[in-house]
Amino acid sequence: MSQATVGEADTAPPAVAESQPYRWRWLALAVILAAEVMDLLDALVTNLAGPAIRADLGGSASLIQWLGAGYTLAMAIGLITGGRLGDLYGRRRMFLIGVLGFTVASALCAVSVAPGMLVASRVAQGLFGALLLPQGLGIIKEVFPPRELAAAFGAFGPVMGISSVGGPILAGWLVDADLWGTGWRAIFLINLPLGLLAALGALRFLPESRPAHGSRLDLPGVGLVALGAVLLVYPLVQGREQGWPGWMYGMLVAAVAVFAVFARHEVRRHRAGRDPLVVPTLFRRRAFTGGLVAGLAFFTALTGFSLVFSLYLQLGLGYSPLKAGLAGVPQALGMVVAFVIAGVGLAQRLGRTLIHAGLVVVLAGVGGMLLTLRLAGPEVTPWQLVPALLVVGFGMGLVMAPFFDIVLSGVEPAETGSASGTLTAVQQLGGALGVAVLGTVFFTHFSDGGAGSAVRATLWLEAALLAGTVVAAFLLPRRAREPQPGQH
């Protein structure tokens, strides 16, 4: 399952009575899975297609970064309120608006004629995706009886695993095949039939659902979070190209100030008895605060690595998009294998120890990649990279499998909805920061010393982020709570 949506299920209403299961529940699940696949593919494909897009539309190197950062930043901001909108106005309605909006935004991506238009369309994709994804989890918990919930949620694993392996290959093939002259635009055009089928399926098979009591929106809080996030990410992406003028540093300082104002606003709203965007008491809990720090560092490293590796293969080694997609398959397979192994009870038994073990494995894989690049130099082949990539992917899967359950174990049940929404938003923010920071380091060293120097510098930064995650993970609870029926 897409980790960006796991937490939202915790706020869903209880499942319907087991004696009266919803007739079309499995077809409803298929519709929801189609939407999940659309999101996952669009989170992956621009890493591969970025160089081809820039070659066609022009623009600076930062365009490649904004293609990923714009999407994940918008997703981070939107996920905070996406689930609440479903609570207020109905999950089926918000799902339809989300899937249709995502499809239209994909079409705009496909017909973009300038970098600015494409980045704006990617931001729209992220916002509609954030509206779309939380609704599916709530609907699943409502339409499936308790005895079938585990099977329903279990369907996400294989589908997401196949998508994570096949998505980059499909993207690379579409770019290389240049079907009917579409080139990179095909990676967005493929969303049109998927989106329309999901919309038609939603109209036919998704029931309307809405909890009895929906939380009120905190629009000023959303505005402050959005402003702070943009002030943080924009200079990290653009600073290198503009020579780091003083106002760029001013934006970073302003970001800290805006987040401080946001914290004060949330405390006041909570004391006034109104629904805050983030429950302030969460930050008094060491486990949750440590989880946010660990999650931010880890997902920054994970997403940044994906971008930098693809750039190195294409800009440094001259791989085609398809060859680059195939070269990344070992990492995806490693993650899938780790999820399968952790899913048989290992995550529950080992808890935090599995997170630490996974981080050590990832660090070993990063070290193996550095050693491989040093020994092979610019003549490195995809086969030489396979062992290190398998280890990196396997370690990342071991970390991700228990991570959300462990972090949420450190909060009270009444705080779980706010905590899970905040945690998934921080995951997406980490993705935006990974593209911004590691991408900037790569392009800086690429212009100075070539691709080899660039990828080595980013791998060392990757190792530092992972080491920080190891330290922060000590703040987490040793084990997750015993899972409730249907909980992932």
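Because the structure is predicted, anything quoted here is derived from the model rather than measured. Every chain is numbered on its own, with residues counted from 1 as its sequence reads. It should be noted that, the model being predicted, local features are given only for residues of pLDDT at least 70 and side-chain atom pairs only at 80 or more, the latter also being counted only at that level, while totals for whole chains, interfaces and linings use all residues. As a convention, hydrogens and water are excluded, and side-chain values are obtained from all of the structure's heavy atoms.

Whenever I open this one, unusual backbone geometry confuses me. Can you help?
Note on backbone geometry: most residues besides glycine have negative phi, and most peptide bonds are trans. Positive phi outside glycine occurs at Asp178, with the angle close to 50 degrees. Positionally, Asp178 belongs in the loop between α7 (156-177) and α8 (186-189). Note on classification: 1.4 Å probe, protein chains only; a residue is buried when its accessible area is under 20% of the maximum for its type, exposed when over 50%, partly exposed between these limits. Look at Asp178 and you get partly exposed, because its relative accessible area is 38%. Residue Trp180 is not a glycine yet carries a positive backbone phi of 50 degrees. Helix and strand definitions here come from DSSP, where helices need a minimum of 4 consecutive H or I residues and strands a minimum of 2 consecutive E residues; each element is numbered from the N-terminal end.

Whenever I open this one, the pattern of salt bridges confuses me. Can you help?
In a structure, side chains of opposite charge can pair up when their charged atoms sit close to one another. Each salt bridge in this description consists of a side-chain nitrogen of Lys or Arg and a carboxyl oxygen of Asp or Glu lying within 4 Å of one another. Counted under the stated rule, the structure contains 6 salt bridges. In this structure, the salt-bridge partner of Glu148 is Arg25, at a minimum N-O distance of 2.6 Å. You can see Glu148 sitting in helix α6 (residues 146-154) and its partner Arg25 sitting in helix α2 (residues 25-57), a full 123 residues away along the chain. With respect to burial, Glu148 and Arg25 carry one shared label: buried.

Whenever I open this one, the nonpolar core confuses me. Can you help?
Among soluble globular proteins, nonpolar side chains are generally buried collectively. Counting residues in each nonpolar core, the largest one holds 104 residues, and the members touching the most others are Val233, Phe298 and Phe403. If one sorts the elements of this core by residue count, helix α17 (residues 416-473) sits on top with 21 residues. Those residues in contact with Phe298, other than ones at most four positions away along the chain, are Leu359, Met396, Val399, Met400, Leu466 and Thr469. If you look at the next biggest cluster of nonpolar residues, it comprises 30 residues, including Ala28, Tyr71, Ile139 and Leu206. Among buried residues, those of type Ala, Val, Leu, Ile, Met, Phe, Trp, Tyr and Cys that are joined through side-chain atoms within 4.5 Å constitute a nonpolar core. What makes two residues a contact is simply this: any of their non-hydrogen atoms within 4.5 Å.

I keep staring at the packing of α2 against helix α4 (residues 91-110) and nothing clicks. Help me out?
What counts as an axis is a line fitted to C-alpha atoms, over the stretch in contact for a helix, and the angles between N-to-C directions run from 0 to 180 degrees. Running from N to C, α2 and α4 point in directions that differ by 35 degrees, and their axes come no closer than 12 Å. The handedness of the crossing between α2 and α4 comes out as left-handed. On α4, the residues touching Val31, Ile32, Ala35, Met38, Asp39 and Asp42 of α2 are Phe95, Phe102, Thr103 and Ser106. Residues were grouped as follows: Ala, Val, Leu, Ile, Met, Phe, Trp, Tyr, Cys and Pro as nonpolar; Asp, Glu, Lys and Arg as charged; and all remaining residues, including Gly, as polar. For the contact of α2 with α4, the residue count by class is 6 nonpolar, 2 polar and 2 charged. By definition, any crossing whose near helix is turned counterclockwise from its far helix by less than a right angle is left-handed, and any crossing with a clockwise turn is right-handed.

Help me out: how do you make sense of the side chain of Thr300 in this one?
As for its position among the elements, Thr300 is in helix α12 (residues 286-316). Using a relative accessible area of 6% as the deciding quantity, one classes Thr300 as buried. Here a polar contact is taken to be a pair of N or O atoms separated by no more than 3.5 Å, where protein atoms must pair a possible hydrogen donor with a possible acceptor and residues adjacent in sequence count only if both atoms sit in side chains. Separated by 3.3 Å, the side chain of Thr300 and the backbone oxygen of Gly430 make a polar contact.

Help me out: how do you make sense of the environment of Ile187 in this one?
Within the secondary structure layout, Ile187 lies in helix α8. C-alpha separation for the pair Ile187 and Thr46, spaced 141 residues apart in sequence, amounts to 8.5 Å.

What should I look at first to understand a nonpolar patch on the surface in this one?
Note on patches: the residues involved have over 30% relative accessible area and no salt bridge, like charges join within 9 Å, and the nonpolar side chains Val, Leu, Ile, Met, Phe, Trp and Tyr join within 5 Å. Areas reported as accessible are Shrake-Rupley estimates using a 1.4 Å probe. Residue values count occlusion only from the protein chains shown. A cluster of nonpolar residues, Val104, Leu108, Val111, Val113 and Met117, forms a patch on the protein surface that exposes about 430 Å² of accessible area. Assignment of secondary structure puts Met117 in helix α5 (residues 115-143). On the accessibility criterion, Met117 (32% relative accessible area) is partly exposed.

Would you explain the packing of aromatic side chains in this entry?
Each aromatic ring pair is characterised by the separation of its centres together with the angle its planes make. In summary, the pairing rule links any two rings of Phe, Tyr or Trp, Trp by its six-membered ring, whose centres are within 6.5 Å, and it sorts them by plane angle into stacked for under 30 degrees, edge-to-face for over 60 and tilted for everything else. Enumeration according to the criterion identifies 13 aromatic pairs in this entry. Between Trp66 and Tyr234, the ring centres sit 6.0 Å apart and the planes meet at 35 degrees, which makes this aromatic pair tilted. Here Trp66 is found in helix α3 (residues 62-89), whereas its partner Tyr234 is found in helix α10 (residues 219-238), with 168 residues between them in sequence. For Trp66, a relative accessible area of 15% translates into the label buried. Classification of Tyr234 by relative accessible area gives partly exposed; the value is 26%. Each ring, one from Phe299 and one from Phe403, has its centre 6.1 Å from the other, and the planes form 80 degrees; the classification is edge-to-face. One end of the pair, Phe299, is in helix α12; the other, Phe403, is in helix α16 (residues 382-408), with 104 residues separating them in the sequence. Taken as a pair, Phe299 and Phe403 share a single burial class, namely buried. An aromatic cluster of three or more residues is present, and its members are Phe298, Phe299, Phe403 and Phe404. Its guanidinium or amino end placed over the ring of Tyr319, Lys323 lies 4.3 Å from that ring's centre, counting from NZ or CZ. Whether a charge sits over a ring depends on NZ of Lys or CZ of Arg being within 6 Å of the ring centre and within 35 degrees of the ring normal.

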